[in-house]
Amino acid sequence: MANISDILDGKMDGKEVEIKGWLVNKRSSGGVQFLMIRDGTGVIQSTVHKDKVEKNVFDDTDKLTQESSLIIKGIANEDKRAPDGYEIKIKDLKVVQLAEEFPIGKKEHGIEFLMEWRHLWLRSPRQIAIMKIRAEVIKACRDFMDDNGFTLTDSPILSGSACEGTSTLFETPYFSKKAYLTQSGQLYVEATIAALKKVYCFGPTFRAEKSKTTRHLTEFWMIEPEVAFADFEDNLKLQEDLVSYIVKKVLEKRKRELGVLGRDIKPLQEVEPPFPRVTYTEVIEMLEKTKFKLEWGNDLGAPHERFVSLKNDKPTFITKYPTKIKAFYMQPDPKNPDVALCADLMAPEGYGEIIGGSQRIHDLKLLEQRIKECELPKKAYEWYLDLRKYGTVPHSGFGMGVERVVLWICKLKHIRECIPFPRTITRLYP
Ligand code: 4AD
Ligand code: MG
């Protein structure tokens, strides 16, 4: 069996090939049927000439419907007239299944219709390109971590405590108790750093986001590195290196897919360290002259992030948010405890937050105080407090949302296309 990608790469010229795949579309002209066939590695034009095949092969071809599954045998050849410069001259064709009328046609469909048929919509060239890029982003994340001395320590998905506030927790019965679907694996990687120093977790995370936005899912994938003895500065450096690596790898390996999406790659080529920085306080000052004006102490929303995101060609760090609007575990700045040693990374081109991270509180007393101030149940955090009793060290980490990165790199309008089966407030099917 051959791959269509090998044929399109010119590796099979003149050779007999067997391809197993699906019919994308078909047209006929005179005694020739032109089939576009997809096999998961690419799409290629294949031709059936009435006078060169058995009658039953030509008749079977004639009956083929869009998305029928099939196995073909033929000769691969360079052909300047074919859409990608290569074609297969079919000698034999076996129909695996004659598909029923495909609900997604060539005409424009509304987004609700396409989401209802998401399981079939994934076969379109655009969705295939996005899935390939998503997989490349994830591979780049893992390769970067694994090649830089990090150990993967996965965090549990069922958890007894909140990491990112109680308002977005999904609750589930857990025998005689309650459990929550994890919002972040962070607290657990803060434990494994004392065993392995540089660690990360990578998995699905859940937020009961009650609002409908173009960048929130209720289930999304997050990579969360955590490093012992790393301070605020080290943390930003790691983010710059990781994000730059991911973009470089996608440009290197997925140029064709970016082309399918019509993505202008120039802005992506700009992405390399260092990234510009601006403090939260400076952002508030800059917003003063705009209609998005905000009082110090309020959290930045989508329009504010967009404003910062458009200022630079590269991703931009917004640093040192007010301690009181950020999570309980963030280290207050010793020079000004009203702000935290944290940063959110804004993707450029208007995309906004792709990473949230901080230096963590490593002092037991201070952490106890913050848990109290945030009115969190101390009992659930006993184990987390233990980490501050047995060899505590300054440490930092961050979480990067995979779909947010895909959204930006692919330059899409909505996050629902960045994961094969998106979960949102209104969607649990398919
Ligand atoms: O900023 P967040 O809430 O940070 C944390 O969860 C930290 N505990 C991470 C850490 O330090 N280990 O979320 C981190 C990132 C965001 O920057 C965003 O990319 C993504 O997760 N994210 C979402 N992506 C899609 N849909 C949602 N509802 C998201 N919420 C957060
Ligand atoms: Mg955040």
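Refer to the structure above for everything that follows.
Asks: Explain the sheet that holds strand β13 (residues 316–319) to me, please; I cannot follow it from the model alone.
Replies: Paired through their backbone hydrogen bonds, the strands of a sheet run either parallel or antiparallel. Here eight strands make up an open sheet; going across it, the order is β6-β10-β11-β18-β17-β16-β13-β12 and the pairing mixed. Each edge of the sheet is formed by a strand with only one pairing partner; in this case those strands are β6 (151–152) and β12 (277–279). Against the sheet, helix α7 (residues 232–253) makes contact with β11 (219–228), β12, β13, β16 (342–347), β17 (352–359) and β18 (395–401), and its axis sits at roughly 30° relative to β18, the strand it touches most. This element, helix α14 (residues 402–409), spans β10 (198–206), β11, β16, β17 and β18 of the sheet and lies at about 55° to β18.

Asks: I keep staring at the pairing of strand β3 (residues 43–49) and nothing clicks. Help me out?
Replies: Every other side chain in a regular strand lies on the same face of the sheet, so the side chains alternate between the two faces. Extensive coverage of β3 is indicated by the burial of six of its seven residues. Across seven bridges, the pairing between strand β2 (residues 32–38) and β3 is antiparallel. If you follow Q33 over to β3, its bridge partner there is V48. Connecting β2 to the next strand, β3, in antiparallel fashion are four residues, including G40 with a positive phi near 90°. The pairing of β3 with strand β5 (residues 86–97) spans three bridges and is parallel. Across the sheet, the residue bridging to S46 is I88, located in β5.

Asks: Explanation requested: helix α11 (residues 302–309) in the structure shown.
Replies: The periodicity of an α-helix, 3.6 residues per turn, causes residues three or four places apart in sequence to face the same way. Of all the positions in α11, only H304, E305, F307, V308 and S309 are classed as buried. On its buried side, α11 packs onto β12, α10 (280–287), β13, β16 and β17.

Asks: I tried to follow the sheet that holds β2 on my own but got confused; where do I start?
Replies: Spatial ordering of the closed barrel is given by β1-β2-β3-β5-β4, a layout of five strands whose pairing is mixed. Sheet twist, expressed as the average angle between the axes of neighbouring strands with direction ignored, equals 55°. Against the sheet, helix α2 (residues 55–63) engages β1 (16–29), β2, β3 and β5, with an angle of about 80° to β5.

Asks: Hey, could you run me through the nonpolar core in this one?
Replies: Side chains of a nonpolar character, in soluble globular proteins, are inclined to be buried together. With 54 residues, the main nonpolar core has V137, I246, M400, W408 and I409 as its most contacted residues. Considering each element in turn, this core owes the most residues, ten residues, to α7. Setting aside its immediate chain neighbours within four residues, V137 contacts I246, V250, V405, V406 and I409. Counting 31 residues, the second-largest nonpolar core is a separate cluster that includes Y280, L294, L300 and L364.

What counts and how
- Residues numbered from 1 in each chain as written.
- Chains lettered and ligands numbered in written order.
- Predicted model: local features only at pLDDT ≥ 70, side-chain atom pairs only at ≥ 80, totals over all residues.
- Heavy atoms only, no water.
- Pairing = 2+ DSSP bridges.
- Helix = DSSP H or I, 4+ residues; strand = E, 2+ residues; numbered from the N terminus.
- Contact = heavy atoms within 4.5 Å.
- Axes fitted to C-alpha atoms, helices over the stretch in contact; angles between N-to-C directions.
- Buried < 20%, exposed > 50% of the residue type's maximum accessible area, 1.4 Å probe, protein only.
- Core = buried A, V, L, I, M, F, W, Y, C linked by side-chain atoms within 4.5 Å.

All quantities given are derived from atomic positions and should not be read as evidence of function.
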